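Spelled out, the chains give:
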Amino acid sequence: MSQGASLRVGKQTDRGRVRQFNEDRYGEPPPHFDRQRIAQKGLLYIVADGMGGEAGGSLASELAIEAAINSFYGDADPDVTGSLRRAFQAANRRVYT
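Residues numbered from 1 in each chain as written. Predicted model: local features only at pLDDT ≥ 70, side-chain atom pairs only at ≥ 80, totals over all residues. Heavy atoms only, no water.

### Concerning helix α3 (residues 80–96)
No. 1: In this model α3 runs 24 Å from its N-terminal to its C-terminal C-alpha over 17 residues, within 8% of the 24 Å that 1.5 Å per residue would give.
No. 2: The complete set of buried residues in α3 reads G82, S83, A87, A90 and A91.
No. 3: The elements touched by buried residues of α3 are α1 (35–41) and α2 (57–74). (Helix = DSSP H or I, 4+ residues; strand = E, 2+ residues; numbered from the N terminus. Expected span 1.5 Å × (residues − 1). Buried < 20%, exposed > 50% of the residue type's maximum accessible area, 1.4 Å probe, protein only. Contact = heavy atoms within 4.5 Å.)

Here you go:
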């Protein structure tokens, strides 16, 4: 991003037409995260789609978001693509477990 530029981010999910509850979750870098790491890695905004009414679907979405954000920003490797791949793998492992 060039100096002086700004970024606006909107967040919205939808429960869909069939489900009673919205199990979707979204995540972004928490304000307490290391600003240098965020500057190095970039801003990660992520959405986890709910699991279609499965037991624990909203929990799975929350766990996936938490694992992905923590993995991405916790990875000291400057290779952002590799960090992102590992973040999604961490999210998958967390939900699977």
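There's plenty left to go through after this.
### Focus: the pattern of salt bridges
No. 1: All told, the structure shown has 3 salt bridges when counted by the stated rule.
No. 2: Salt-bridge contacts for R25 lead to E62; the nearest nitrogen and oxygen are separated by 3.3 Å. Taken together, the residues span a long stretch of sequence, with R25 in strand β1 (residues 25–27) and E62 in helix α2 at a distance of 37 residues.
No. 3: Of the charged contacts, one joins D75 and R86 as a salt bridge, the two residues approaching to 2.7 Å between their closest N and O atoms. Taken as a pair, D75 in the loop between α2 and α3 and R86 in helix α3 lie far apart in primary sequence, 11 residues in all.
No. 4: Judged by its relative accessible area of 15%, D75 falls in the buried class.
No. 5: According to the relative accessible area criterion, R86 is partly exposed, its value standing at 30%. (Salt bridge = Lys/Arg side-chain N within 4 Å of Asp/Glu carboxyl O.)

Note that every value here comes from positions in space, so none of it alone points to a role or purpose.
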